[in-house]
Amino acid sequence: MSSHDETRVCTDPAYRESVFAHMADTFGVTVTGYTQTFLGLLNMKWTVSSADGPLFVKCYHPKRYNLSDPDLNRQVERSLSVQHDLHLRGGICPDVYSAEGRHLQQSPEGYYYAVMQPAEGAPPKAGEVGAARMYRLGRVTGQMHTLLQTLPAEGTPWKPSPGGIRGKWQANHEAALASAEPHPAVIRAIERQDDILQTLDPAMFDGLEPGWAHWDFWVDNFLFDADDHVQVIDFDTVQYSYPEIDTARALLSGAWHEGALQREAAAAFLTGYREQHDFPAGRLPVALKLLWCREAHWWLRASMLTHASIPPKRFAEELIWLTEQWDRLDELFGDW
C-alpha cells in the first residue's frame, strides 16, 4: 500500500537481466521463461520458469526502497526473515530463499531482489470478500499474529502522535484549500479531521498490547486459491506496533462496501480471528480509531477522489467513512 499517486509499473529490462544473471550465479537457477506481475508500485516482480520449477522474484525499485540505506536494508532483510519463519512454522506464506545467510540479494549492478516460492491464488475484490472467505482470512490473520508475537520485541512500538498527525493535517489542509479542484467530500473530511484531532487522547490506546504486525494488510496482500486457502504476501513493512492495525485494515479492505461495514462478513472475520488469537469484545472501535490515526493523513488529501488511481481512491473512501463515523464507532461496534 502506498500513498503515492504515480506510475505504478516499472519494466526496465536492465533490472531483469542483472537479477536473472545473478540468480544463476547465486542459486544455480537458469531462467527459461518469465511473466511480469503488475501488482504494486514500481517494484518489479516476475514469475519465472526454471528447471527446478516456478519461482517468484521481487526486485526492489530504488524509488520505493533505497536499500543502500543500511537501516532500510536491515528492515527489509528482517521482514524477509520473518516471512521465512512464518512459512516454516505456519505455512501461511511463501518461503523466501537465502544465500550465505541472507534473504535479500544484490546483483553486481546494485539491484536488490529476493527469490521466493510462487504464491498460489489471487487477491479478492476490495469490499466484496464474502463471509466464508472472511472467516478463513480471520483464522489466518489470527494465526499470523499468534506466530508473530513469539518474536522478540524490537525497540519502542509505533504509537499515534497527535502533534505529528496535526502537522501532516495542516499541510494537507493548506494543499486542499489551494487545490484547483477540491472534492467537497474530502474537504469536509479534512475539516472533520481537525475536530477529531483537537480532542484526540492517545490514552484510549493504552490498553492495547504491543506486538508485531504485517502493517500493509489490504486485499492485494492476501490471496485466495481455488479452494479458498489463504496465503499472505508482502511482509516488507512488518512493524513492531499493534496487531489491531492489521485487523482493522483487513476488515475495511475486505468488508467495507457501499458505505458500510458488511456485518456478516465482518463478524465472520472476527469469529475466525478469535479462534486463533485474542480480540476482546468491544475492541473493534479502538482498532478502527488506531488505523485512522495511522492512515488519515495519507488518504484525506484534495486529489484523492478526483485524480487518484483505484487503490488510493478506495483508501480515501474508507477513511472518509471512518472520519464521518468517528463519534458513532462505539455505538456501531462496541459489542463486537
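### Brief notes about the overall build of the protein chain
Step number 1: Within the protein chain one finds 10 helices and 11 strands.
Step number 2: For a compact globule of 336 residues, the expected C-alpha radius of gyration is about 20 Å, and the protein chain comes in at 20 Å, within 12% of that figure.
Step number 3: C-alpha atoms of the protein chain, sized along the principal axes, occupy 60 × 50 × 40 Å.
Step number 4: Residue burial in the protein chain is summarised as follows: out of 336 residues, 51% are buried.
Step number 5: About 14500 Å² of surface is accessible on the protein chain, with carbon and sulfur atoms providing 49% of the total.
Step number 6: Within the protein chain, the 45 negative side-chain charges are centred at a point lying 2 Å from the centre of the 29 positive side-chain charges.

### Considerations on the packing of aromatic side chains
Step number 1: Enumeration over the complete set of coordinates arrives at 16 aromatic pairs.
Step number 2: Measuring from ring centre to ring centre gives 5.2 Å for Phe217 and Phe222, while their planes differ by 55 degrees; the resulting arrangement is tilted.
Step number 3: What makes Phe217 buried here is its relative accessible area of 0%.
Step number 4: Measuring from centroid to centroid gives 6.2 Å for Trp256 and Trp321, while their planes differ by 50 degrees, and the two rings are tilted. Separated by 65 residues along the polypeptide, Trp256 in strand S10 (residues 256-257) and Trp321 in helix H9 (residues 310-324) bring together distant segments of the chain.
Step number 5: The class of Trp256 is buried, set by a relative accessible area of 7%.
Step number 6: Grouped by ring-pair contacts, the aromatic residues Trp218, Trp298, Trp299 and Phe315 constitute a single cluster.
Step number 7: Its end group placed over the ring of Trp169, Arg166 keeps NZ or CZ at 5.3 Å from the ring centre.

### Observations concerning the pairing of strand S2 (residues 44-50)
Step number 1: Within S2, five of the seven residues are buried, which leaves the element mostly enclosed by the surrounding structure.
Step number 2: As paired strands, strand S1 (residues 31-37) and S2 are joined by six bridges and run antiparallel to one another. When the sheet's bridge partners are listed, Thr37 is paired in S2 with Lys45.
Step number 3: Note that S2 and strand S3 (residues 55-60) share five bridges and pair antiparallel. Residue pairing in the sheet places Trp46 in a bridge with Val57 of S3.

Analysis parameters
- As a convention, each chain's residues are numbered from 1 in the sequence order in which they are written.
- Reporting of local features is limited, given that this is a predicted model, to residues whose pLDDT is at least 70; pairs of side-chain atoms are given and counted only at 80 or more, and all residues count toward the totals for whole chains, interfaces and linings.
- No hydrogens and no water enter the side-chain calculation; it runs on all heavy atoms of the structure.
- Secondary structure counts use DSSP, requiring at least four H or I residues in a row for a helix and at least two E residues in a row for a strand, with both numbered from the N terminus.
- Note that the radius of gyration is over C-alpha atoms, with the globule rule given as 2.2 Å times the number of residues to the power 0.38.
- Residue burial is assigned from relative accessible area. The probe radius is 1.4 Å, only protein chains are included, and a residue is buried under 20% of its type maximum, exposed over 50%, and partly exposed in between.
- Each accessible area value is a Shrake-Rupley result obtained with a 1.4 Å probe; residue values ignore everything except the protein chains displayed when judging cover.
- Residues scored as positive are Lys and Arg, those scored as negative are Asp and Glu, and His as well as the terminal groups of each chain are ignored.
- By convention, charge coordinates are those of NZ in Lys, CZ in Arg, CG in Asp, or CD in Glu.
- For Phe, Tyr and Trp, rings pair up if their centres lie within 6.5 Å, where Trp contributes its six-membered ring, and each pair is then called stacked (planes under 30 degrees apart), edge-to-face (over 60) or tilted (otherwise).
- Either the NZ atom of lysine or the CZ atom of arginine qualifies as a charge over a ring when it sits within 6 Å of the ring centre and within 35 degrees of the ring normal.
- We treat two strands as partners when DSSP finds at least two bridges between them.

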